[in-house]
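# Structural overview
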Amino acid sequence: MDKDSIKQKIQELIEKAREKFDALIATERDRRALFLGSTAIIVIVIYLVFHSYSSGVDSLQKRSVQLEKELQEVKALKAEYEDSQTKIAELSSKITKENEDLISVVEKILLNEELDRKNFSIRDVNSRSNSDEDFYEEKSVDVELNKLSLNSLVDILYKLQNKPSLKVSNLNISTKSGKSDSTKVKLRVSTYEFKQVS
């Protein structure tokens, strides 16, 4: 087949299609029906395009609102974390590590109260932390005081308890009736150090 015969066949097909189309819309009613049908198809296509676009926009807006809420939660957590860090720094500055051993610190307080060395004993208790999850380490000494007046006891407890890095616990006081100068006292003095967070 040559090119001219192919062209002629294509033109014949186009002519036949045109004739059939003209036969379909020969009357005014057919033309109107075809126009309405094509208009309906165009409207449906436009609606589908718009609907898929608006659905996409709605889902994006919902996702945006969700992300905004999550961002607010993250900001709140960040503020809480920074507040905790500030409080830990304040506590760390208050609970400063003594240059001396805990025994020496307690001994100085007792000697400043003019207690005789024979009337007190200080025993070191092993360093410990309550668990691996705790963020501090506790060091303690057990103190036993003999032949102590109540006034001296009050002064000693005041000085121990008001030192920011010390805590008094397990206080046990025993006295002989009628003898205010023969009070026997047992107590534990502890200090706390923050562990290094890794």
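A brief report on the enclosed structure follows. No experiment lies behind these values; they were computed from the predicted model shown.

Here we take up the overall build of the chain. Secondary structure summary: the chain contains 4 helices and 4 strands in total. Order of helices (α) and strands (β) in the chain, N terminus to C terminus: α-α-α-β-β-α-β-β. Across the 198 residues of the chain, 17% fall into the buried class. Sequence separation of at least 24 residues holds for 60% of the intrachain contacts in the chain that already meet a minimum separation of 6. Here the chain displays about 15800 Å² of accessible surface, and carbon together with sulfur accounts for 55% of that area.

Oppositely charged side chains may form a pair once their charged atoms are brought near each other. Enumeration according to the criterion identifies 7 salt bridges in this entry. The closest approach of N and O atoms between Arg 188 and Asp 142, which form a salt bridge, is 2.7 Å. Pair noted here: Arg 188 is in strand 4 (residues 179-194) and Asp 142 is in strand 2 (residues 136-148), with a separation of 46 residues, a long-range link. For Asp 142, a relative accessible area of 18% gives the class buried. Linked through salt bridges whose partners overlap, the residues forming this network are Arg 123, Asp 142 and Arg 188.

This part is about the environment of Ser 104. Its location among the elements puts Ser 104 in helix 3 (residues 102-112). On the basis of relative accessibility, which here comes to 26%, the residue Ser 104 falls in the partly exposed class. Separated by 18 residues in the primary sequence, Ser 104 and Ile 122 place their C-alpha atoms 9.4 Å from one another.

Turning next to the side chain of Thr 191. Along the chain, the position of Thr 191 falls in strand 4. Assessed through its relative accessible area of 11%, Thr 191 is described here as buried. What Thr 191 contacts, discounting residues up to four positions off in sequence, is Leu 102, Glu 137, Glu 138, Lys 139, Ser 165 and Leu 166.

Looking now at the nonpolar core. With 19 residues, the main nonpolar core has Val 106, Leu 110, Val 143, Leu 145, Leu 160, Leu 187 and Val 189 as its most contacted residues. Of all the secondary-structure elements, those providing two or more residues to this core are helix 3, strand 2, helix 4 (150-161), strand 3 (166-176) and strand 4. Sorting elements by how many residues they give to this core places helix 3 first, with 5 residues. If sequence neighbours within four positions are ignored, Val 106 has contacts with Ile 122, Val 141, Val 143, Leu 160 and Val 189.

Our focus in this paragraph is unusual backbone geometry. With phi around 60 degrees, Glu 114 is a residue other than glycine that occupies positive phi space. Topologically, Glu 114 is positioned in the loop between helix 3 and strand 1 (120-128). Classification of Glu 114 by relative accessible area gives exposed; the value is 74%. The backbone phi angle of Asn 170 is positive, close to 50 degrees, even though this residue is not glycine. Secondary-structure assignment places Asn 170 in strand 3.

Now for helix 3. Listed as buried for helix 3 are Leu 102, Val 105, Val 106, Ile 109 and Leu 110. Projected onto a plane normal to the axis of helix 3, the buried residues spread over an arc of 135 degrees and lie on a single side. Note on helix 3: the residue one or two positions beyond its end, Glu 114, has a positive phi of about 60 degrees.

Now for a nonpolar patch on the surface. A cluster of nonpolar side chains, contributed by Ile 6, Ile 10 and Ile 14, occupies part of the molecular surface with about 260 Å² of accessible area. Looking at the element boundaries, Ile 10 is found in helix 1 (residues 3-24). Accessibility expressed as a relative area gives 45% for Ile 10, which makes it partly exposed.

Reading the values: the criteria
- Per chain, residue numbering runs from 1 following the sequence as it is written.
- Under the rules for a predicted model, residues below a pLDDT of 70 receive no local features and side-chain atom pairs below 80 are neither given nor counted, while totals for whole chains, interfaces and linings still include all residues.
- Based on all heavy atoms of the structure, the side-chain values leave hydrogens and waters out of the count.
- Where helices and strands are cited, they refer to DSSP runs of H or I of at least four residues and of E of at least two residues respectively, numbered from the N terminus.
- Relative accessibility decides the category of a residue: with a 1.4 Å probe and only protein chains considered, values under 20% of the type maximum give buried, values over 50% give exposed, and everything between is partly exposed.
- Here, residues are in contact when the closest pair of their heavy atoms is within 4.5 Å.
- Computed with a 1.4 Å probe, the accessible areas rest on the Shrake-Rupley method; for each residue, only the protein chains presented here act as cover.
- Only one rule defines a salt bridge in this text: a Lys or Arg side-chain nitrogen within 4 Å of an Asp or Glu carboxyl oxygen.
- Grouping buried Ala, Val, Leu, Ile, Met, Phe, Trp, Tyr and Cys residues that are joined through side-chain atoms within 4.5 Å yields what is termed a nonpolar core.
- Taking the helix axis as origin, the arc is that swept by the directions to the C-beta atoms.
- A patch is a set of surface residues, each over 30% in relative accessible area and not in a salt bridge, joined within 9 Å for like charges and within 5 Å for the nonpolar side chains Val, Leu, Ile, Met, Phe, Trp and Tyr.

All we've got here are geometric facts, nothing functional implied.
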